[in-house]
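Coordinate inspection notes
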Amino acid sequence: MLHTTDTQRIYKMVGGAPVWQSTCADNICQPQPQPTTQAVINAGPATPRNGASAINQQGAIYLFVGGAPIWQDSCAAPVSCGTPVKVSTWSIDARDHMNQVPADGNLVQSKAGAVDLPVAMTIGGALMPFASEQEVIDVGQGSNWRERVVAISANSYNLLGFNPVDGTLVQGTGGGKSGPVAMVVGGAFIPFASAQEVIDVGQGSNWASKVRAIPLRIYDARPRMPCDSTLIQGTSGGTSSPVATVVGGARVNFASEREVIDSGYGTDWPSKVRAIPLRAFNELRDDMPSDGTLVQGQGTAVAAIIGGARVNFASEQELLDSGYRGDWRPTVRIIPPRVFNAMSTTISDGTRIGRSGSTSEAAVVGGAKVAFISGAERDAAGYGSRPLQVIPARVWDALPTQISDGTRIGRSGSTSEAAVVGGAKVAFISGAERDAAGYGSRPLQVIPARVWDALPTQISDGTRIGRSGSTSEAAVVGGAKVAFISGAERDAAGYGSRPLQVIPARVWDALPTQISDGTYVKSPDSASVWLINTGHRTLVQQTGNVQVIPTRVLDAIPLS
């Protein structure tokens, strides 16, 4: 015990360091304090040594690791609490002559029941567990590292966590190799490409002294995308990016300070922004958040990201029915309404979806819902291992069931492939034919054999088609190929703005050229409507379901 005669303070020695006592209650100031001065105290050790112990007025026991008091819920072996020094509760809470978190580079180990937890090193207030003795040596702990390990309780071991604080500089090392220096930001490691980048983010010219060696294994395994709600800003050579937040593994840029505040970051948001290299900022993906992320703009509905699309919920019950738990609110990521409204609402092909409140499942193919009638059918189509995204029944029911034109499809259980053209299945007889029609580079969407077999093979009227390997174009009218002889003729018939669906030359050549009976047609420059029957035309009164064909083609059809 020490008493400073000039500042009138009572200090108690803990692990070689003087710790200021706020009270002498509970016999804390025993034995009688010895006189000293504040200068002597200030010149003494800054923190207690590793393994020292203390107990506060409530009976909580602490072991010191890297100068920080670590609460021990148990002193059972291998933990050795010794004879803890009794100190005032305030002394621990105020961290007098103590670190807030353990200093970097200290070794700890614990035992959970009969299981030995890995030896770990303190980095940025957290633990970096080792997988082998060699890893301990590789980071510079030496061959005598065992004598420096402090045993702590399993609970305190896990409470320290495994995510270093933002701004911690690390470098992976192992087997004679080292990774680039990186900075911890939102639980991720952001590697630097140069020393200047380290300086640009505010680490100073002495940054090299702050770098902590960690196992290369841990370095490589860490994500490069910060966790959700981390505020980041890219900087380089005096140039800065917009401030952004991370939402579902994607970067969402803010357009104004008001957007940052409205998204829940408070007026003190600048203090929460983490500077990263501009290069690294630009490399972070800025597309849709990952599937399953809940988002909301100020004043908008809550929505889930499903298949790269925003799916709005109409009620809280819809959200719960879709599998989100009752405590879903804290998981909602607030984003600017501008960003929310700009998100796609089309679920991407290849997404496995489920209908809330039922066991129904489907694949999204060509923008359509292709339902599975069994788990076997689903698995045969390759969807069994894909994550299931449950959507509200209302959304499920509203999805179309017709696969959109231009989709490349495959039959499950075979190598058969086809294109969907005019709602019909246009099969390819070879990979060369498929590629010539421009489908080789499109993603293949496998559908159940049952669905494949049920698809029509007649291209629907009004489809604009092209012959692969040539510039020939035509319209499908009454099941027939009506060729255009010029772009002007095509445009006059109203097909210039319709998407061109290229089909194999073989299929083009096999299409009939006689318009089927019962088809109503007209020319672009006349209101007269004609009914086709046995290759002839008859003037009729008809207002709907009329196909426009070139005047040249109409004139060539004989009158009845």
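A few points on the structure. (Residues numbered from 1 in each chain as written. Predicted model: local features only at pLDDT ≥ 70, side-chain atom pairs only at ≥ 80, totals over all residues. Heavy atoms only, no water.)

**Description of the side chain of Glu489**
- Position of Glu489 among the secondary structure elements: in helix α15 (residues 487-492).
- Classification of Glu489 by relative accessible area gives buried; the value is 13%.
- If we ignore the near neighbours within four places in the chain, the residues touching Glu489 are Ala483, Phe484, Pro550 and Arg552. (Helix = DSSP H or I, 4+ residues; strand = E, 2+ residues; numbered from the N terminus. Buried < 20%, exposed > 50% of the residue type's maximum accessible area, 1.4 Å probe, protein only. Contact = heavy atoms within 4.5 Å.)

**Regarding the pairing of strand β24 (residues 294-297)**
- Summarising the sheet, β24 and strand β25 (residues 302-306) pair through 3 bridges and their orientation is antiparallel. Of the residues in β25, the one forming a bridge with Gln296 is Val302.
- Pairing geometry for β24 and strand β27 (residues 332-335), over 4 bridges, is parallel. Following the sheet pairing, Val295 is matched in β27 by Arg333. (Pairing = 2+ DSSP bridges.)

**Thoughts on the nonpolar core**
- Leu294 and Ile353 are the most contacted members of the largest nonpolar core, which has 19 residues in total.
- Of all elements in the fold, only β25, β26 (309-312), β29 (361-365) and α12 (393-398) reach the threshold of two or more residues within this core.
- By residue number, the principal contributor to this core is β25, which donates 3 residues.
- Once residues lying within four places of it in the same chain are set aside, the contact partners of Ile353 are Ile306, Ser360, Glu361, Ala362, Val364, Leu388, Gln389, Ile391, Trp396 and Leu399.
- Judged by nonpolar contacts, the second largest core, of 18 residues, contains Val185, Phe192, Val201 and Leu284. (Core = buried A, V, L, I, M, F, W, Y, C linked by side-chain atoms within 4.5 Å.)

**Points about the packing of aromatic side chains**
- Within this structure, the stated rule accounts for 9 aromatic pairs.
- Summarising the aromatic geometry, the rings of Phe189 and Tyr219 are spaced 5.9 Å apart at their centres and angled 40 degrees between planes, so their arrangement reads as tilted. Linking Phe189 in strand β18 (residues 188-191) with Tyr219 in helix α6 (residues 216-221), this pair joins segments that are 30 residues apart in sequence. Of the two residues, Phe189 and Tyr219, both sit in the buried class.
- Chaining the aromatic ring pairs together yields one cluster made of Tyr11, Trp20 and Trp90.
- Between the NZ or CZ atom of Arg9 and the centre of the ring of Trp20, over which it lies, the distance is 3.8 Å. (Phe/Tyr/Trp six-rings, centres within 6.5 Å; stacked < 30°, edge-to-face > 60°. Lys NZ or Arg CZ within 6 Å of the ring centre and 35° of its normal.)

**Observations regarding the state of the cysteines**
- Applying the stated criterion across every chain yields a total of 2 disulfides.
- At a sulfur-sulfur separation of 1.8 Å, the disulfide partner of Cys24 is Cys29. Around the S-S axis, the bridge from Cys24 to Cys29 shows a dihedral of about -80 degrees and counts as left-handed.
- On the basis of relative accessible area, Cys29 is assigned to the buried category, the value being 8%. (Disulfide = S-S within 2.5 Å.)

**What about helix α5 (residues 195-203)?**
- If you check which residues of α5 are buried, you get Glu197, Val198, Val201 and Gln203. The buried side chains of α5 occupy one side of the element, clustering within an arc of 115 degrees when seen end-on. (Arc of directions from axis to C-beta.)

Nothing here speaks to function; it is all geometry.
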